[in-house]
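Residues per chain, in single letters:
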Amino acid sequence: CDRAGILVWQDFTYACNTYPDHDPEFMALVQQENETLVDRLRSHPCLALWCGCNECLWEMADSVGNNPPRQDQIAGVRIWRETIPDICNVLDPCRPYIPGSPVGGAYPNSESAGDCHWWLQVFMSGDENKRLRPTAIDACRARFVSEYGVYGPCDMDSVKEYLKPQDRNRQSLAWKIHSNQGEGGWVARGIRYHYGEPDGLSLPPFILYGQLVQAIMHGAAMDAFRFRKLDPKADCEGALIWSYNDCWGEVGWSVVDHYLRPKAAYYALKRTCVPVKVIVRARDHQLVTRVVNDTLQSHKAVVHYGWV
């Protein structure tokens, strides 16, 4: 990342849970681990910021609602609000630090301040049509979308590396074990929504159309977020996908699979993230065209338009 100029958002190793910050022995390990981590990584120019935890503050807010939390409900807050920032202040004082993600606003996953994990509104919605409809993403008003994602299968060549021939069908136990537990048939539903009936497909075309569904949604999402850059009513200054690659072969969130083979969504994101891009989105029953320029130079262009 240093060589390529890729900025890194570095989480500390606390996620989606509570932690016993009342236990002196545990807190001694917290101190030692995090001092070691900061000392090891602080010299990298690619390091953009430190983040205390992932979704712990959000889950804590959901668990207590509008009531003041009890002591047993705030386990871990000392780590993210005191221990880690104290370590960063000593060992890496010039680097930004935030206590968790999402954070900001009156609610830790607010769309009006800080960063937002934009899952429940579309990508994990119980509304099947909303979850599969690219235009639903235009409802987002988050200032910085730091987590969102779409399922997609690996290439057939990758499937052949992690499944035996007799297991290369969607009914096999091995296939189901290598499908993310939250996927729950959404790839098939996406194929049905965008293309046609998936049930009669053999595995290669199922994988192809499944990847294309992931590509449609990822491309549309990034277009929708970039479209709002510097929007006076709904500014969006960035988006981070979940996720780039997988830790094993599976039908999962990644756009590059465990064997480093890009999925179709990788190319959709590459296409929509070009520095200068013409983006068309629906606004108030009209089509609105914007040209987004992420370079440091002005850009002159002729935009050809039409209706298909």
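What counts, and at which threshold
- Residues numbered from 1 in each chain as written.
- Predicted model: local features only at pLDDT ≥ 70, side-chain atom pairs only at ≥ 80, totals over all residues.
- Heavy atoms only, no water.
- Helix = DSSP H or I, 4+ residues; strand = E, 2+ residues; numbered from the N terminus.
- Contact = heavy atoms within 4.5 Å.
- Salt bridge = Lys/Arg side-chain N within 4 Å of Asp/Glu carboxyl O.
- Buried < 20%, exposed > 50% of the residue type's maximum accessible area, 1.4 Å probe, protein only.
- Phe/Tyr/Trp six-rings, centres within 6.5 Å; stacked < 30°, edge-to-face > 60°.
- Lys NZ or Arg CZ within 6 Å of the ring centre and 35° of its normal.
- Pairing = 2+ DSSP bridges.
- Right-handed = clockwise from strand over helix to strand, strands pointing away.

**A look at the environment of Ala268**
For Ala268, the position within the fold is in helix H9 (residues 264–272). Among all residues touching Ala268, those that are not within four sequence positions of it are Ala215 and Gly219.

**Thoughts on the pattern of salt bridges**
Considering all chains together, one arrives at 14 salt bridges under this definition. With a closest N to O distance of 2.9 Å, Arg261 and Glu161 form a salt bridge. Of the two residues, Arg261 is situated in the loop between helix H8 (203–227) and H9 and Glu161 in helix H5 (residues 156–162); the sequence distance between them amounts to 100 residues. The class of Arg261 is partly exposed, set by a relative accessible area of 24%.

**Some words on the packing of aromatic side chains**
For the structure shown, the criterion picks out 12 aromatic pairs. Where Trp175 meets Phe206, the ring centres are 6.5 Å apart and the plane angle is 70°; that geometry is what we call edge-to-face. Placement of Trp175 in helix H6 (residues 173–177) and of Phe206 in helix H8 is noted, with a sequence separation of 31 residues between them. Neither residue differs from the other here; Trp175 and Phe206 are each classed as buried. Ring geometry for Tyr195 versus Tyr209: centroids 5.0 Å apart, planes at 50°, classification tilted. With Tyr195 in the loop between helix H7 (186–194) and H8 and Tyr209 in helix H8, the pair connects residues that are 14 residues apart, well separated along the chain. The partly exposed category is assigned to Tyr195, whose relative accessible area is 39%. Following the ring pairs from residue to residue traces out a cluster consisting of Trp118, Phe123, Tyr148 and Phe225. Over the face of the ring belonging to Phe206 we find Arg170, whose NZ or CZ atom lies 3.9 Å from the ring centre. The ring of Trp186 has Arg189 lying over it, and the distance from NZ or CZ to the ring centre is 4.9 Å.

**Thoughts on the pairing of strand S1 (residues 8–11)**
Looking along a regular strand, one sees side chains alternate from face to face of the sheet. Here four bridges tie S1 to strand S2 (residues 47–51), and the two strands are oriented parallel to one another. Within S2, the residue paired with Asp11 across the bridge is Cys51. One crossover worth recording links S1 to the parallel S2 by way of helix H1 (residues 24–41), and it is right-handed.

**Quick notes on the environment of Val213**
Residue position: Val213 is located in helix H8. Put simply, Val213 and Glu197 are 16 residues apart on the chain and 13 Å apart in space, counted from C-alpha to C-alpha. Among all residues touching Val213, those that are not within four sequence positions of it are Gly190, Ile191, His194 and Tyr195.

**Concerning unusual backbone geometry**
Here Ser101 and Pro102 are connected by a cis peptide whose omega angle stands at 0°. Considering the arrangement of structural elements, one finds Pro102 in the loop between strand S3 (97–98) and strand S4 (116–117). Cis geometry marks the peptide bond from Trp242 to Ser243, where omega comes out at 5°. Looking at the element boundaries, Ser243 is found in the loop between H8 and H9. With phi around 70°, Leu260 is a residue other than glycine that occupies positive phi space.

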